[in-house]
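# Structural overview
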Amino acid sequence: MIDPARFRSDFPILGREINGRPMAFLDSAASSQKPAQVIDAMMDVYRNSYANVHRGAYTLSQEATEAYEGARRKVARFLNAAAPEEVVFTRNTTAAINQFAYGWGLGNLKPGDRVLTSVMEHHSNIVPWHIIARHTGAELSFLDITGDFRIDLQKAQDRFDERVKIVSLSGMSNVLGIMPPIGEIARLAREVGAVMLVDGAQMVPHSPVDVQEMGADFLAFSGHKMLGPTGIGVLWGRRELLEKMEPMEGGGEMIREVQLFESTWAPVPQKFEAGTPPFVEAIGLGAAVDYLSEIGMDQILEHDRQLTSYALDRLEEVPGLSIQGPANTIDRGGVVSFDIPGIHAHDIATILDQHGVAVRAGHHCAQPLMRHLGLAATTRASFYLYNSEDDIDALVDALGVARRLFGLD
Ligand code: C6P
């Protein structure tokens, strides 16, 4: 069992008060807070061993390069990747999905082919496919969700046929909190010969991931949602597919040889890392991975589930509130979205902030899902290892204030 009190002191920002109250930070799904270990690891590079990587023959550059490649090895171990070369550093999840969409989709899709995704996706896993569909003439097709907010596996079977060339699916919804059966869907994708990417933006920070067991071919995620810094993300891919995939960006360091009229690419992963990479951020992500690994991802998942279960119980006490997501914690992570008819989600978030409670309100970059739910916006609380039941109590108390202010009591 995780004792959040043990970890809170590692996160300097959590000692702050907001509007005179202790801060209840319930927005880690947007971006998590950072422990001193991550901040210090990055400061240490800037203070002691900063120089550009993969370029210099001198000591500082060699130290920075070793730390950068060390971070790649840490991420590879964290994912149980077959080799560090399967880990491509990107800017974030969005950039990783775009690299896959352009790099794989442009060269492999033709009119009539299908990209299968779902109605619950984040815009990062829908908009790139709109662009690629325009370029290639391929069509999009969507997995539905059931009345109890799960991927409709019954209907899913019918969506898989030989037209489906790419499956791109979130491993955990940033609105509903559900974690679809990736293994089962990857099996269906394999049966029709499709290549599959998992959007792991919410999944990787909150649950153990073994890419060799997962069954999918690519995985995208962001460092900033898993205790790491902004500006760094990962595209993991099976080596043989990365080798076949085209780079989306050209420039320094991604080449083998450049002639005036053509160039050839460096081996993976460098062919996808054009220009000076965010190596200090990658080192920060390496420190975050160390921190999470020490606790254990299974412990973190269990902690999130216990808090989710507590939150679902406590939120039931708020009259009129409807949870937008499953009412239990089966295959579900630490994200709880809700609606209170009569109070706009933005008003709720503002009132909660006055009580020190930070949540996200809006469409959460998932407009098609909001349309499907028949809502313009929800309020969302999300949990991480530093949250405790006290934070959820603060949320429920502040919701009571909001209801009174809006005359609902
Ligand atoms: N969701 C949220 O508050 P980036 O911005 O590239 O790091 O991550 C994009 C992204 C992709 N997929 C999913 C499932 C996500 O949740 C996110 C980011 C944040 O829900 C910011 S909109």
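Residues numbered from 1 in each chain as written. Predicted model: local features only at pLDDT ≥ 70, side-chain atom pairs only at ≥ 80, totals over all residues. Heavy atoms only, no water.

### Description of the sheet that holds strand β7 (residues 164-170)
One open sheet holds the 7 strands; their spatial order is β4-β10-β9-β8-β7-β5-β6, and the pairing between them is mixed. Two strands bound the open sheet, and with one partner strand each, they are β4 (87-90) and β6 (139-143). In this sheet, neighbouring strand axes are inclined to one another by 20 degrees on average, regardless of whether the strands run parallel or antiparallel. Of the pairings in the sheet, the one linking strand β9 (residues 218-222) to strand β10 (residues 233-237) comprises 5 bridges and is antiparallel in character. Bridging from a neighbouring strand, Phe221 pairs with Val234 of β10. (Pairing = 2+ DSSP bridges. Helix = DSSP H or I, 4+ residues; strand = E, 2+ residues; numbered from the N terminus. Axes fitted to C-alpha atoms, helices over the stretch in contact; angles between N-to-C directions.)

### Describing the nonpolar core
Among the nonpolar cores identified, the biggest contains 83 residues, and Phe89, Met196, Met214, Leu219 and Leu385 are the most heavily contacted of them. Those residues in contact with Leu219, other than ones at most four positions away along the chain, are Leu79, Val198, Gly200, Met203, Val204, Val209, Val211, Met214, Val234, Leu235 and Trp236. Ranked by size, the runner-up nonpolar core spans 29 residues in total, among them Leu312, Ala345, Ala381 and Leu395. (Core = buried A, V, L, I, M, F, W, Y, C linked by side-chain atoms within 4.5 Å. Buried < 20%, exposed > 50% of the residue type's maximum accessible area, 1.4 Å probe, protein only. Contact = heavy atoms within 4.5 Å.)

### Things to note about the domain arrangement of the protein
Domain boundaries assigned for the protein yield domain 1 (39-294) and domain 2 (296-405). Measuring from the centre of the C-alpha atoms in domain 1 to the corresponding centre in domain 2 gives 28 Å. Taken together, the contacts link 31 residues of domain 1 with 35 residues of domain 2. At the boundary of domain 1 with domain 2, total buried surface from both sides reaches about 2500 Å², with 63% on carbon and sulfur atoms. On the domain 1 side of the interface with domain 2, the three residues burying the most area are His123, Val175 and His206, jointly 25% of the side's total. In terms of residue count, helix α10 (residues 279-295) provides more of the side of domain 1 that touches domain 2 than any other element does, 4 residues in total. Among the residues making up the side of domain 1 that touches domain 2, the classes are represented as 18 nonpolar, 8 polar and 5 charged. (Domains from an automatic or database assignment. Buried area = accessible area lost by both parts, 1.4 Å probe. Nonpolar A, V, L, I, M, F, W, Y, C, P; charged D, E, K, R; others polar.)

### Quick notes on the pairing of strand β5 (residues 114-118)
Among the 5 residues in β5, 5 count as buried, and that is most of the element. Burial along β5 is two-sided: Arg114, Leu116 and Ser118 and Val115 and Thr117, pointing in opposite directions, are all buried. Inspection of the sheet shows β5 paired to β6 by 5 bridges, in the parallel sense. Among the inter-strand pairings, Arg114 is bridged to a residue of β6, identified as Glu139. Crossover handedness for the path β5 to helix α5 (residues 127-136) to β6: right-handed. With 3 bridges connecting them, β5 and β7 associate as parallel partners. Note on β7: the bridge partner recorded for Arg114 is Val164. (Right-handed = clockwise from strand over helix to strand, strands pointing away.)

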